[in-house]
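# Summary of the model geometry
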Amino acid sequence: MEEQIKGGISAALKALYNHDLAAEDIALQPTRKEFEGTYTFVTFPFARFSKKNPEETGNEIGEYIVENTSVVSDFNTVKGFLNISISESSQIESFSEMFNGADLSASPIFEQAPTGKTVVVEYSSPNTNKPLHLGHLRNNFLGNSVSRILKAAGNDVHKVQIINDRGIHICKSMLAWLRFGEGETPDSSGLKGDHLVGKYYVAFDKEYKKEIAQLVSEGISQEDAEKQAPILLEAQEMLKKWEAKDPEVYALWEKMNGWVYAGFNATYQKMGVDFDQLYYESDTYLIGRDRVLEGLEKGVFFKKEDGSIWVDLTDEGLDEKLLLRKDGTSVYMTQDIGTALMRFDDYPGLSQLIYTVGNEQEYHFKVLFLILKKLGYEWASSCYHLSYGMVDLPSGKMKSREGTVVDADDLMQEMASTAKTRTEELGKIDGFTPEQAEELYEMLGLGAIKYFLLKVDPRKRMLFNPEESIEFQGNTGPFIQYTHARISSILRKAEQLGVSLVDIQFNEIGQVDQMEKDLIHALGQYSEKLTLAANTYSPAIIAQYVYDLAKDYNRFYAELSIFNESDKTLQQFRVALSALTAETIKVCMGLLGINVPDRM
RNA sequence: GGCCUCGUAGUUCAAUGGAUAGAAUAGAAGUUUCCUAAACUUUAGAUCUAGGUUCGAUUCCUAGCGAGGCUACCA
């Protein structure tokens with residue numbers, strides 16, 4: 001329908017002013033509520049071709065498209081804005097094309113042509129020395145949702161993560177556990193493995209700070225003290241032993257990482273995210289190291305007097321960057337080079353590699369992509385850093401070491417329990433078994449968090465106030481879930497009453513209400529919203545869209561009765577409209593990784 | 001210091017350069033003999049400042065003010 005209007009305008013411009021503008025280059029926007037019409041075309045830019053004022057230009061184009069297209073019934077021009085009204089019959093017709101009888105999921109609105117592209121999306125990628133927190137939730141939900149969106153848009157998508165299972169941070173937890181742990185295990189303590197290991201990471205930091213304070217009191221400068229604290233030196237020693245595969249250190253490392261993985265897996269399962277392939281830094285860092293040494297031979301990198309290896313990026317307006325320490329051990333960058341190589345080996349013909357990583361690492365990725373390019377890999381240009389903003393607390397940034405974090409497990413637990421309280425208050429659990437009720441609470445709690453984190457533009461940093469729990473009313477996940485439950489209830493009743501959805505005589509529908517027109521229009525927007533969301537890697541587009549759709553439905557629901565409608569064809573039409581709305585809500589929420597209930 | 005983001009109702013978020021800047025929440029006032037009131041309706045409330053480009057600027061450019069991030073032989 002939109003295409004027909006654009007085509008009509010394009011033809012009008014040609015016929016009236018001999019101006020060439022392809023239909024797909026014409027921008028239509030939704031007409032503002034206070035004006036009559038569905039689409040609005042801005043005529044200001046065309047006044048210079050028509051040699052008339054924008055209003056007259058609009059009138060001329062309006063007259064032309066009313067006469068020459070079948071869908072436009074009327075128009076009005078206000079200043080330079082041509083408001084186009086769609087005829088009622090073509091709106092009903094466009095719905096009948098969208099509505100595919102009872103097989104809703106096969107509706108043409110959800111069809112997307114395959115792009116033939118393979119895309120790898122990396123997300124999560126935690127360090128294995130502490131449990132996941134709210135920031136990881138944003139990362140996981142974003143990466144997972146972007147994967148689903150890209151898949152729905154016709155791409156072959158693979159979800160991966162790199163597990164940062166080596167490095168000084170792990171050694172810190174290990175060392176603290178050896179020193180203070182007294183053999184404590186997840187079994188003996190009842191703590192989840194990742195939480196147990198995180199506890200020793202904090203313990204390390206406490207001891208480290210104590211030693212620094214001690215050194216400073218002995219007259220050593222703060223800076224030097226930070227470098228010389230015995231416990232830090234010991235951790236560094238441990239990392240060297242690990243790289244040398246010292247059996248004792250290696251066994252401890254495997255044991256503690258095992259605890260963490262068990263904990264992470266439980267958390268991922270709760271979150272409803274998963275991965276097609278896992279990469280471990282302990283596997284990739286050596287590949288990276290070899291490439292760095294190769295690059296050194298080729299003269300891409302250089303060695304400093306102390307033996308450390310660097311890349312010079314001053315030509316690019318950046319700094320010099322360390323790639324291998326003087327003791328030969330790897331840094332973050334080293335392993336990332338190896339990881340990228342492995343990915344392009346594992347996925348031949350890969351069109352794009354997307355890294356879902358916080359915006360604090362923008363510099364890192366800029367440097368990484370430049371290094372890959374310098375090493376001569378042409379695919380370097382298909383790497384993309386999906387950079388998202390941090391989740392801040394009212395007190396500022398979250399810091400694991402200082403304990404100012406919102407723990408992922410706790411938050412999910414808390415939200416499910418809030419959902420339970422709310423549901424019980426509203427007295428809506430009649431007929432639920434205890435298991436079904438539990439399932440509902442988790443679905444609602446998780447829906448609330450996911451929607452809360454995904455409705456915001458990923459690029460922007462956002463605020464989370466733990467004092468105010470995430471809302472269940474208004475622009476929230478549960479609001480949309482509720483709308484779906486309401487429609488499900490309608491559909492159950494329709495089935496009981498034997499309202500058929502397969503033989504609707506759309507041409508017999510006389511008049512439809514504005515609420516119904518709005519819904520039809522909203523449903524027709526799914527495809528363009530999906531495309532936009534895929535192109536901009538923004539689940540927020542989908543969140544905004546599905547919220548608007550749910551709002552449109554609730555207005556329709558409040559104003560128009562379905563089962564009291566005496567015109568049976570109109571009744572069928574309204575049930576069909578409800579059914580396709582429910583399906584679209586389900587699909588969109590699915591893109592966000594959120595499940596919707598049939599009852600709540 | 002240099003580089004990169006971002007400044008919109010009390011608060012949390014929207015707005016491919018377009019009309020009288022949308023929502024939600026908190027505030028005020030309503031709507032249950034009728035399909036689920038986690039809903040609906042009404043109401044009040046905002047573009048950091050100063051310039052510039054444009055028919056038109058929240059959006060683009062310059063300067064200032066403010067917030068955050070990066071600038072590690074941490075990851």
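A brief look at the structure comes next.

How each quantity is defined
- Residues numbered from 1 in each chain as written.
- Chains lettered and ligands numbered in written order.
- Predicted model: local features only at pLDDT ≥ 70, side-chain atom pairs only at ≥ 80, totals over all residues.
- Heavy atoms only, no water.
- Helix = DSSP H or I, 4+ residues; strand = E, 2+ residues; numbered from the N terminus.
- Buried < 20%, exposed > 50% of the residue type's maximum accessible area, 1.4 Å probe, protein only.
- Contact = heavy atoms within 4.5 Å.
- Pairing = 2+ DSSP bridges.
- Phe/Tyr/Trp six-rings, centres within 6.5 Å; stacked < 30°, edge-to-face > 60°.
- Patch = residues over 30% accessible without salt bridge, like charges linked within 9 Å, V, L, I, M, F, W, Y side chains within 5 Å.
- Areas by Shrake-Rupley, 256 points an atom, 1.4 Å probe, with all protein chains shown as cover.
- Salt bridge = Lys/Arg side-chain N within 4 Å of Asp/Glu carboxyl O.
- Lys, Arg positive; Asp, Glu negative; His and termini not counted.
- Charge placed at Lys NZ, Arg CZ, Asp CG, Glu CD.
- Axes fitted to C-alpha atoms, helices over the stretch in contact; angles between N-to-C directions.
- Core = buried A, V, L, I, M, F, W, Y, C linked by side-chain atoms within 4.5 Å.
- Near = heavy atom within 4 Å.
- Polar contact = N/O pair within 3.5 Å; in protein donor to acceptor, adjacent residues only side chain to side chain.
- Nonpolar A, V, L, I, M, F, W, Y, C, P; charged D, E, K, R; others polar.

## So, the overall build of chain A
Helix and strand content of chain A: 21 helices and 14 strands. Reported as C-alpha extents along the three principal axes, the dimensions of chain A are approximately 85 × 65 × 45 Å. Every one of the 600 residues in chain A was classed for burial, and the buried ones make up 52%. Taking as baseline every contact in chain A between residues at least 6 positions apart, the subset at least 24 positions apart corresponds to 74%.

## Re the pairing of strand S2 (residues 39-42)
Two strands pair when backbone bridges link them, and strand S1 (residues 29-30) and S2 are joined in this way by two bridges, in the antiparallel orientation. The partner of Gln 29 across the bridge, within S2, is Thr 40. In this structure, S2 lies alongside strand S4 (residues 81-86), joined through four bridges in antiparallel fashion. Directly across from Tyr 39, in S4, lies its bridge partner Ile 84.

## So, the packing of aromatic side chains
Under the defined criterion, the tally for this structure stands at 27 aromatic pairs. With a centroid separation of 5.6 Å and an interplanar angle of 40°, the aromatic rings of Trp 242 and Tyr 285 are classed as tilted. Here the residue Trp 242 occupies a position in helix H10 (residues 230-243), and Tyr 285 occupies one in helix H12 (residues 281-298), the gap between them amounting to 43 residues. Grouping residues by exposure puts Trp 242 and Tyr 285 together as buried. Consider the rings of Phe 365 and Phe 369, whose centres lie 5.9 Å apart with planes at 50°: the pair is tilted. Taken together, the residues span about one helical turn, with Phe 365 and Phe 369 both in helix H14 (residues 362-374) at a distance of four residues. Residue classification places Phe 365 among the buried positions, given a relative accessible area of 2%. Take Phe 369: its relative accessible area is 16%, and that puts it in the buried class. Through a chain of ring-to-ring contacts, the aromatic side chains of Phe 95, Phe 99, Phe 506 and Phe 573 assemble into a single cluster.

## Digging into the sheet that holds strand S8 (residues 302-303)
Ordered by their spatial adjacency, three strands build an open sheet running S8-S9-S10, and the pairing between neighbours is antiparallel. Every interior strand has two partners, whereas the edge strands, S8 and strand S10 (320-324), have only one. Examined bridge by bridge, S8 and strand S9 (residues 309-312) share two bridges and lie antiparallel to one another. Bridge assignment links Phe 302 to a residue of S9, and that residue is Trp 310.

## Some remarks on a negative patch on the surface
A surface patch of negative charge is lined by Glu 435, Glu 438, Glu 439 and Glu 442. Topologically, Glu 442 is positioned in helix H16 (residues 434-454).

## Describing the sheet that holds strand S12 (residues 383-388)
The five strands lie next to each other as S7-S6-S5-S11-S12, forming an open sheet whose pairing is parallel. On the outer flanks of this sheet lie strand S7 (277-280) and S12, each paired with one strand and no other. Within the sheet, the average angular offset between the axes of one strand and its neighbour, ignoring direction, is 25°. Relative to the sheet, H12 contacts strand S6 (156-163) and S7, its axis offset from that of S7 by approximately 60°.

## Overview of the environment of Phe 573
If you trace the backbone, Phe 573 turns up in helix H21 (residues 568-591). The exposure class of Phe 573 is buried, given its relative accessible area of 0%. Separated by 440 residues in the primary sequence, Phe 573 and His 133 place their C-alpha atoms 47 Å from one another. If sequence neighbours within four positions are ignored, Phe 573 has contacts with Phe 95, Ile 504, Phe 506, Ile 509, Val 512, Glu 516 and Ile 520.

## Overview of the nonpolar core
Core analysis: the largest hydrophobic core is formed by 130 residues, its most contacted members being Phe 95 and Phe 99. It is H21 that provides the largest number of residues to this core, a total of twelve residues. Those residues within four positions of Phe 95 in sequence are excluded, and the remaining contacts are Phe 506, Ile 520, Leu 523, Phe 573, Ala 576, Leu 577 and Leu 580. Residues Val 120, Phe 344, Leu 375 and Tyr 377 belong to the second largest nonpolar core, which totals 35 residues.

## Quick notes on the protein's contact with RNA strand B
Taken together, 70 residues surround RNA strand B, and among them Phe 81, Asp 306, Lys 428, Tyr 482 and Leu 560 come closest. Of all atoms in RNA strand B that approach within 4 Å of the protein, 61% are sugar or phosphate atoms. Thr 423 has a polar side-chain atom sitting 3.0 Å from a base nitrogen of RNA strand B. Here a base nitrogen of RNA strand B and a backbone polar atom of Met 600 are 2.9 Å apart. Looking at the surface near RNA strand B, the elements that each hand over two or more residues are S2, S4, helix H6 (168-180), H14, helix H15 (408-426), strand S14 (462-463), helix H17 (477-497) and helix H20 (539-559). Looking at the surface near RNA strand B, its residues break down into 30 nonpolar, 17 polar and 23 charged.

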